[in-house]
Amino acid sequence: MIKIQNYIAGALHPPVSEKYFDNINPATGEVYAQIPDSEAQDVDRAVTAAKKAFVSWSTMPVEKRSLILNKIADLIDRDHQKLALAESIDNGKPVKLAKVVDIPRASANMRFFATASIHFASEAHITDEDAINYTTRTPVGVAGCISPWNLPLYLFTWKIAPALASGCTVVAKPSELTPMTAFLFSSLCMEAGLPAGVLNIIHGLGAKAGQAIVEHPDVNAISFTGGTVTGKKIAATAAPMFKKLSLELGGKNPNIIFADCDFENAIAVSLQSSFSNQGEICLCGSRIFVERPLYEKFVDEFVKRTKMLTVGDPLDEMTKLGALVSEVHMKKVLSYVNLATTEGGKILTGGNQVHVGGRCADGFFVEPTVIVGLKHDCRTNQEEIFGPVVTIMPFDTEDEVLQYANSTTYGLSATIWTENLKRAHRISSKVKSGIIWVNCWLFRDLRTPFGGMKQSGVGREGGWDALKFFTDTKNVCIKL
Ligand code: NAD
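Residues numbered from 1 in each chain as written. Predicted model: local features only at pLDDT ≥ 70, side-chain atom pairs only at ≥ 80, totals over all residues. Heavy atoms only, no water.

- Within an unreviewed UniProt entry, the label attached to the protein reads 2-hydroxymuconic semialdehyde dehydrogenase, and the organism entered is Pseudochryseolinea flava.
- As its UniProt record puts it under Sequence similarities (unreviewed entry), the protein is described as follows: "Belongs to the aldehyde dehydrogenase family." (UniProt positions renumbered as here; feature names shortened; annotations may be inferred.)

Structure follows, in structure tokens:
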């Protein structure tokens, strides 16, 4: 059985406690690897290594850092098939999705920030002829990067790439539910010649290993992606220590469909925004609002196409929905379906666990589920389910749908479908979300600011925002 190891000071190490816990394949329910149960001592070793490496990494010419990060990207591309398979086994997602989305995006993240850092220029502000100001940005030191299970290597690299490119050294922790690709990544870093201690990867439980990273006095910045409840805990620990903090948290995103939309496009993309990655994407549009004249036609067609989505073995290339990440998560998702019925919802399709059979007989599969008949303010429509469950509701006016869309404590993303450009601008400006997609979904340009409003987060990732986060700003004013 594979024994995952921590990556500290350029080499693989068992946890200090020598204790491990099980890594379960969610498609089969079988234990297939062992995960280090790391604790504060492991984190302390990693931080010591990162502090030591900071001196030379932060002063290395940026072009040289860039070459090493690009080399890691090349190695991800070389191992594309192997990493995609590992991601699928660890997370339950269809291997095809991992091949097309997760792994290519991981190498794109590395390459994007490796090259961006070369172009990261200082700013100057000239005050008439009296003074010149110039602004420098220097790496903050050791950064803690903590990532979730839904897009494991994709989100892991999305954090560590800008941190390393800015000249920070890193102590990172992937989710304990999906540690495998981060473990494989440590070998790629060694092969690429990343100097010892520049990146350290600690595996283990959030409340133990993760908390120890956040609490460590020599970790200067925390970049976290995960649930809002965990984000609150992290903020409560990090804020009194005055650490820089970036929080990418949960969502309950509206998908607003006006009657004048391009119907075929809206239906096809809404199926993706509802059920891609089993609905386990923070950006999924789990609340669909349809303008009344289109409502019945949309619901009929959407349900018809939802029924055609194959739930099955993630390793089968024909599978559209794989397993949910864990039994606990599957039960949580099914409990929300139950809640929806008690709140008066009508399930038009789905709602049950799927028994796939064969090697996946004990896996954690759920049918894609469509629910109607619920009010916008019930718990099903207010709380993040993070599974293949969507609700559809009709609306009559722009004011009404804006009230519905903005009624949750979240504000991550929103999708708007209309052929009316003025309306698209109007609604975009009034929806309280950090990311708006008009006539598309998850159409990404890595230069754009990425993050949420309200309880969906603090700060922005992507482009210059990410590079700025991992640097300290200093302004020098010279009176002429
Ligand atoms: P989670 O909050 O349970 O865990 C995320 C990470 O934090 C894991 O690595 C976990 O081990 C660690 N952790 C847990 N407790 C910790 C603590 N006290 N201190 C430090 N680290 C701790 O989230 P999850 O269940 O892995 O992921 C799902 C959530 O992530 C959903 O809410 C989803 O919306 C959100 N998410 C947000 C984005 C975004 O960009 N906004 C992207 C993906 C997922």
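**Description of the UniProt feature "active site" (unreviewed entry) in the protein**
Thinking step 1. According to UniProt, the feature "active site" (unreviewed entry) maps to E248 in the numbering used here.
Thinking step 2. Residue placement: E248 occurs in strand β12 (residues 244–248).
Thinking step 3. Using a relative accessible area of 4% as the deciding quantity, one classes E248 as buried.
Thinking step 4. Setting aside chain neighbours within four positions, we find E248 in contact with F224, T225, G226, F450, G451, G452, S456, G459, R460 and E461. (Helix = DSSP H or I, 4+ residues; strand = E, 2+ residues; numbered from the N terminus. Buried < 20%, exposed > 50% of the residue type's maximum accessible area, 1.4 Å probe, protein only. Contact = heavy atoms within 4.5 Å.)

**Examining the environment of D79**
Thinking step 1. In this structure, D79 sits in the loop between α2 (62–78) and α3 (80–91).
Thinking step 2. For D79, a relative accessible area of 14% puts it in the buried group.
Thinking step 3. With 41 residues separating them along the chain, D79 and S38 place their C-alpha atoms 27 Å apart.
Thinking step 4. In terms of polar contacts, D79 uses its side chain to reach the side chain of R78, at 2.9 Å. (Polar contact = N/O pair within 3.5 Å; in protein donor to acceptor, adjacent residues only side chain to side chain.)

**Section: the pairing of strand β6 (residues 123–127)**
Thinking step 1. The sheet contact formed by β6 and strand β7 (residues 131–139) spans 5 bridges and is antiparallel. When the bridges of β7 are listed, T127 appears paired with A131.
Thinking step 2. Counting the residues in the hairpin turn of β6 and β7 gives 3 residues, including D128, whose phi is positive at 45°. (Pairing = 2+ DSSP bridges.)

**Quick word on the site of the ligand**
Thinking step 1. For the ligand, the set of nearby residues contains 30 residues, the closest of which are W149, E176, T230, L249 and E384.
Thinking step 2. Between the ligand and E176, the relevant distance is 2.5 Å, taken from an oxygen atom to a side-chain nitrogen or oxygen of the residue.
Thinking step 3. For the ligand, the protein covers 90% of the area, taking 850 Å² as the surface of the free molecule.
Thinking step 4. Partitioning the shell around the ligand into residue classes produces 14 nonpolar, 12 polar and 4 charged. (Near = heavy atom within 4 Å. Areas by Shrake-Rupley, 256 points an atom, 1.4 Å probe, with all protein chains shown as cover. Nonpolar A, V, L, I, M, F, W, Y, C, P; charged D, E, K, R; others polar.)

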